[in-house]
2 protein chains.
Amino acid sequence: MTTNVSPLPDSAKRVFKGEIFEIWQWPQQMYDGSTHTFERVKRPNTVQVIAVIGDQILVQEQQQPDRSRPYFSFPGGRCDAEEQPLKSAQRELLEETGLTSSDWELWSERRPVTKMEWIIYTYIARNCVKEKEPRLDAGEKITNRLINFNEFLRLPDDPDFYDSWMAIMLVKAQHNPAAADKLRRQLFQKV
Amino acid sequence: MTTNVSPLPDSAKRVFKGEIFEIWQWPQQMYDGSTHTFERVKRPNTVQVIAVIGDQILVQEQQQPDRSRPYFSFPGGRCDAEEQPLKSAQRELLEETGLTSSDWELWSERRPVTKMEWIIYTYIARNCVKEKEPRLDAGEKITNRLINFNEFLRLPDDPDFYDSWMAIMLVKAQHNPAAADKLRRQLFQKV
């Protein structure tokens, strides 16, 4: 949820580049005048899509090779280099579900870890329609499933639900009818 | 919140070691039989302490050299190598607040980022007493403040509140008197 982190300073240098992660370092002046080497991880930004079909929402039951049991998620993935996040969201939705939409809204843009250069963009894609069959990567085992609005609000009851920002929104909406109405309008109606 | 991640496999090798972060890689067999290089970040585990004094809870208004504005947090920091998390929690509480307690409980142990070997341990320290004056690091500007239980429940109303797991707990307790009572007992009474 942290959003008040300064950008990487101009003096920061990349000291490692791996498959996904990079390490950046810079000399940081401390409050007592001394200087320490500060360090951050950089990784590709990611997108996720709340795809709305009629009065239902698409969730994915997903397995990955290095995780011990399936978990719920939303369509999405990494932004390619230089790719605008909306384009990434549209590409991932089409690849993983075969769906398209002409009504997109950026719901949230957040940085989950202070010491990590990594932004998660969450989009709502309203009135989705099927364009083709999904095409999955070798590392993906995904079952797409439709749930209704009340089931959506209950996703954080699963202790493995991974999106803390959304969990807070959904728990608030579980308990606050005005917040639930607002969220329902945002998902199912044009704004 | 993710807890269902497999441990680093035996074949994982450290390919970079920085000031805080390490990068580990291993060959991962995919569902189609192909092999890809998988990667994770490793960093020291961290502790945080909910310190209870009488019927109040200690929060810190904190500034750090690479953050643009102050934020609320709890006493805590990194576990030193081989240090047990309870020892780290007791050490950090004493350094940052001068407080000690003889009544500790591990409230939560969680892994916030799937691709990161990093556990956050959250402790409750009940009936804290002042032992000495705080001693701060060069990178820390911290003001200790006491808040009451209702103010504690309202911490997630601040969009910069950084602990998503706790935010979900506190939002539930804001709306659910039974959850609030349970939390109040856990913080203020011996169990």
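We now turn to the structure provided with this report. (Residues numbered from 1 in each chain as written. Chains lettered and ligands numbered in written order. Predicted model: local features only at pLDDT ≥ 70, side-chain atom pairs only at ≥ 80, totals over all residues. Heavy atoms only, no water.)

On the secondary structure map, B:Lys115 appears in the loop between strand S9 (103–110) and strand S10 (116–117). Relative accessible area serves as the criterion here: at 19%, B:Lys115 is assigned to the buried category. Discounting residues that sit within four places of it in the chain, B:Lys115 has contacts with A:Ile20, A:Phe21, A:Arg43, A:Arg78, B:Arg40 and B:Val41. (Helix = DSSP H or I, 4+ residues; strand = E, 2+ residues; numbered from the N terminus. Buried < 20%, exposed > 50% of the residue type's maximum accessible area, 1.4 Å probe, protein only. Contact = heavy atoms within 4.5 Å.)

Think of interface size as the accessible area that goes away when the parts come together; that is how it is often given. Every contact between the two is made by 58 residues of chain B and, on the other side, 56 residues of chain A. Summed over both sides, the interface between chain B and chain A buries roughly 4900 Å², with carbon and sulfur atoms accounting for 60% of that surface. The tally of links between chain B and chain A comes to 0 salt bridges. There are 6 residue pairs in polar contact (both at pLDDT 80 or more) connecting chain B and chain A. Contributions of two or more residues to the side of chain B that touches chain A are made by strand S1 (13–17), strand S2 (22–29), strand S3 (35–42) and helix H3 (164–175) of chain B. Here the side of chain B that touches chain A takes 6 residues from H3(B), the largest share from any one element. Here the residues of the side of chain B that touches chain A are counted per class, giving 26 nonpolar, 17 polar and 15 charged. (Buried area = accessible area lost by both parts, 1.4 Å probe. Salt bridge = Lys/Arg side-chain N within 4 Å of Asp/Glu carboxyl O. Polar contact = N/O pair within 3.5 Å; in protein donor to acceptor, adjacent residues only side chain to side chain. Nonpolar A, V, L, I, M, F, W, Y, C, P; charged D, E, K, R; others polar.)

The next thing to look at is the sheet that holds S3(B). Residues and elements named next belong to chain B. Read from one edge of the open sheet, 4 strands run S1-S2-S3-S10, paired in mixed fashion. Strand pairing shows two members of the sheet lacking a second neighbour, S1 and S10, which therefore form its edges. Pairing between S1 and S2: 4 bridges, direction antiparallel. Bridge pairing in S2 places Lys 17 opposite Glu 22. (Pairing = 2+ DSSP bridges.)

For the rest of this paragraph, the subject is the relation of the copies chain B and chain A. Once chain B has been moved 0.0 Å along the axis and rotated by 180°, it coincides with chain A to within an RMSD of 0.0 Å. Expressed as an axis order, the relation between the two copies is that of a two-fold axis. Of all interface residues in chain B, 97% are interface residues in chain A too; the two copies therefore contact each other through one and the same surface. (Least-squares fit on C-alpha atoms with pLDDT ≥ 70 in both.)

A few words now on the environment of B:Glu82. Assignment of secondary structure puts B:Glu82 in the loop between strand S7 (76–78) and helix H1 (85–97). Residues B:Glu82 and B:Arg154, spaced 72 residues apart in sequence, show a C-alpha to C-alpha distance of 36 Å.

The next thing to look at is the packing of H3(B) against helix H4 (residues 177–188) of chain B. Residues and elements named next belong to chain B. Between H3 and H4, whose axes approach to 5 Å, the crossing angle comes to 120°. Accordingly, the angle class assigned to the pair H3 and H4 is oblique. Our pair here, H3 against H4, has a crossing hand that is left-handed. For the pair formed by H3 and H4, the contact residues are Leu 170, Lys 172, Ala 173 and His 175 on the first element and Pro 177, Ala 179, Ala 180 and Leu 183 on the second. A per-class count over the contact of H3 with H4 returns 6 nonpolar, 1 polar and 1 charged. (Axes fitted to C-alpha atoms, helices over the stretch in contact; angles between N-to-C directions. Parallel < 35°, antiparallel > 145°, perpendicular 65-115°, else oblique. Left-handed = near helix turned anticlockwise from the far one by under 90°.)

Residues and elements named next belong to chain A. Among the 7 residues in strand S11 (residues 120–126), 7 count as buried, and that is most of the element. Covered by surrounding structure in S11 are Ile 120, Thr 122, Ile 124 and Arg 126 together with Tyr 121, Tyr 123 and Ala 125, the residues of both alternating faces. Across 6 bridges, the pairing between strand S4 (residues 46–53) and S11 is parallel. By the bridge assignment for S11, Ala 51 is matched with Ala 125. Examined bridge by bridge, strand S9 (residues 103–110) and S11 share 7 bridges and lie antiparallel to one another.

A few words now on the sheet that holds strand S2 (residues 22–29) of chain A. Backbone-to-backbone hydrogen bonds join strands into a sheet, with any given pair of strands oriented parallel or antiparallel. Residue and element names in this part refer to chain A. Read across the open sheet, the 4 strands follow the order S1-S2-S3-S10; overall the sheet is mixed. Pairing within the sheet leaves two strands with one partner each, and these edge strands are strand S1 (13–17) and strand S10 (116–117). With 2 bridges connecting them, strand S3 (residues 35–42) and S10 associate as parallel partners. Across the sheet, residue Val 41 finds its bridge partner in S10, namely Met 116.

Ranked by size, the top nonpolar core spans 46 residues in total, and within it A:Phe152 and B:Phe152 carry the most contacts. Setting aside anything within four residues of it in sequence, one finds A:Phe152 in contact with A:Ile50, A:Ile57, A:Phe74, A:Trp107, A:Ile147, A:Met166, A:Leu170, A:Leu183 and A:Leu187. A:Ile23, A:Val113, A:Ile120 and B:Met116 belong to the second-largest nonpolar core, a separate cluster that totals 18 residues. (Core = buried A, V, L, I, M, F, W, Y, C linked by side-chain atoms within 4.5 Å.)

This paragraph deals with the pattern of salt bridges. Residues and elements named next belong to chain A. Within the structure shown, the criterion is met by 28 salt bridges over all chains. Its salt-bridge partner being Arg 91, residue Glu 83 comes within 2.8 Å of it at the nearest N-O pair. Arg 91 sits in the partly exposed class, given a relative accessible area of 21%. Sharing partners across several salt bridges, the network here consists of Asp 80, Glu 83, Arg 91, Glu 92, Glu 95 and Arg 135.

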